[in-house]
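Okay, here's what each chain looks like letter by letter:
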Amino acid sequence: MKIGFIGLGMMGAGMASNLQKAGHELVVHDLTRQAASRHLNAGATWADSPKAVAAACDLVFTSLPTPADVQRVGTGENGLKEGFRKGAAWFDLSTNAVDVVRALHAEFAEQGVDFLDAPVSGGPRGANSGRLAIWVGGDQAVYDKYQAVLSAMGDQAAYIGPIGAGSIAKLVHNATSAAVNVVLSEVFTLGIKAGVDALSLFKAVRQGATGRSRTFDRLADHFLTGSYDPADFALRLIHKDVSLACQLARDVQVPMRLTNLALLELTEALNRGWAQRDSRVAALLQQERAGIEPIAVPPDQIKAVLESDAK
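Residues numbered from 1 in each chain as written. Predicted model: local features only at pLDDT ≥ 70, side-chain atom pairs only at ≥ 80, totals over all residues. Heavy atoms only, no water.

Draft legend 1. The arrangement of the pairing of strand S9 (residues 156-161) in detail. Inspection of the sheet shows strand S8 (residues 133-137) paired to S9 by 5 bridges, in the parallel sense. Pairing of isoleucine 134 across the sheet is with alanine 157, part of S9. The parallel pair S8 and S9, bridged by helix H8 (residues 140-153), forms a crossover whose chirality is right-handed. (Pairing = 2+ DSSP bridges. Helix = DSSP H or I, 4+ residues; strand = E, 2+ residues; numbered from the N terminus. Right-handed = clockwise from strand over helix to strand, strands pointing away.)

In structure tokens, the structure reads:
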């Protein structure tokens, strides 16, 4: 199948490559041709604009940083809208605002084009390996038609519900992640400042009632090592996602006290100039406030703790 793909960044690059590995012919576009070099070398065709991608393909995926980028690619000058034929389908893999995806769905339906929101979760490693959740909102018949294509990118592609449902699931997921990270930072700085070594504390709590569901294992990658570069998922992106979740909560009148506190923490980290660092870098703020030395446990010691459960 000839498939259009726009947005070959940290997430899009891996997903597009997996489509190629599955045997699909790609037509690609990004801000620079260099971003697509890996895909062009693997046989993809370059298009000079989103319009050109849509004119060449009846199935298009986009993976873009912000709702504004999605709108520009979709409806801006030389956008997808100018190139699509009736009967085409557009799956947006970006994390988007619910009101934006619903508006795009309605606008493209008037043209006879199906728009579905299909945000993903799994990070760049998941995008490359295919261990990726894809949460789809829109017409189920269109999802069913292209389910095999979605499964070439992610092992957990799922239809969630009507348009916007995929985005809602993604915002709930990422808001949870941000709020949990703030709580874990607080309780661990408490334990460390009160006198327990970071690694010993980690070993202890992960065997308790809460820890046995591996609640604390998310600390292993960055918090305990103190390494926030390079980013698995950039701070600027989680800040955008949690901002969208808080806006959605205001729209539907749901109080989100803890999530708004998490957003404040992310905003403070952003104002430190940490936009490109890993999303969990805000933990350094809590360590600073607690008056403890930055946590830096050797990765091999953390690995030994994680592997001890498998023995």
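Draft legend 2. Structural detail: the environment of threonine 210. Note that threonine 210 resides in the loop between helix H10 (198-205) and helix H11 (235-251). With 105 residues separating them along the chain, threonine 210 and histidine 105 place their C-alpha atoms 41 Å apart. Apart from the residues lying within four places of it in its own chain, the contact partners of threonine 210 are Thr215 and Phe216. (Contact = heavy atoms within 4.5 Å.)

Draft legend 3. Here's a closer look at H11. Between its terminal C-alpha atoms H11 stretches 24 Å, which fits the 24 Å expected from 17 residues at 1.5 Å a residue. The element H11 is extensively covered by neighbouring structure, given that 12 of its 17 residues are classed as buried. Residues of H11 that are buried: Leu235, Leu237, Ile238, His239, Lys240, Asp241, Val242, Leu244, Ala245, Cys246, Leu248 and Ala249. Looking at the packing, one finds that the buried side of H11 touches helix H4 (67-75), helix H6 (98-109), helix H9 (165-193) and helix H12 (257-271). In the segment just after H11, glutamine 253 is the residue with positive phi, at about 60°. (Expected span 1.5 Å × (residues − 1). Buried < 20%, exposed > 50% of the residue type's maximum accessible area, 1.4 Å probe, protein only.)

Draft legend 4. Inspection of the environment of threonine 176 at higher detail. In this structure, threonine 176 sits in helix H9. We classify threonine 176 as partly exposed; its relative accessible area is 43%. Taking C-alpha positions, threonine 176 is 9.0 Å from valine 242, a pair spaced 66 residues apart along the chain.

Draft legend 5. Summary view of the nonpolar core. Counting 34 residues, the largest nonpolar core has Phe202, Phe223, Leu224 and Ile295 as the members making the most contacts within it. Among the elements of the structure, H9, H10, H11, H12, helix H13 (283-290) and helix H14 (299-308) are those that each provide at least two residues to this core. At 5 residues, the largest contribution of residues to this core is made by H9. Of all hydrophobic cores here, the second largest spans 32 residues; its members include Ala44, Leu59, Phe91 and Ile134. (Core = buried A, V, L, I, M, F, W, Y, C linked by side-chain atoms within 4.5 Å.)

Draft legend 6. Molecular detail of the packing of aromatic side chains. In the structure shown here, the tally under the stated rule is 9 aromatic pairs. Between phenylalanine 61 and phenylalanine 91, the ring centres sit 5.5 Å apart and the planes meet at 35°, which makes this aromatic pair tilted. Of this pair, phenylalanine 61 sits in strand S4 (residues 59-62) while phenylalanine 91 sits in strand S5 (residues 89-92); the two residues are 30 residues apart in sequence, bridging distant segments of the chain. Pair check on accessibility: phenylalanine 61 and phenylalanine 91 agree, each one buried. Ring centres of phenylalanine 188 and phenylalanine 223 lie 5.9 Å apart, and the angle between their planes is 80°; on these two criteria the pair is classed as edge-to-face. Pair noted here: phenylalanine 188 is in helix H9 and phenylalanine 223 is in the loop between H10 and H11, with a separation of 35 residues, a long-range link. Joined through ring pairs, the aromatic side chains of Phe5, Phe61, Phe91 and Tyr146 make up one cluster. Over the aromatic face of tryptophan 274 sits the side chain of arginine 277, whose NZ or CZ is 5.8 Å from the ring centroid. (Phe/Tyr/Trp six-rings, centres within 6.5 Å; stacked < 30°, edge-to-face > 60°. Lys NZ or Arg CZ within 6 Å of the ring centre and 35° of its normal.)

Draft legend 7. Expanded view of helix H1 (residues 12-21). For H1, a buried count of 9 out of 10 residues is recorded, marking the element as mostly surrounded by other parts of the structure. Regarding H1, the residues found buried are Gly12, Ala13, Gly14, Met15, Ala16, Ser17, Asn18, Leu19 and Gln20. Downstream of H1 by a residue or two, glycine 23 has a phi angle that is positive, lying close to 100°.

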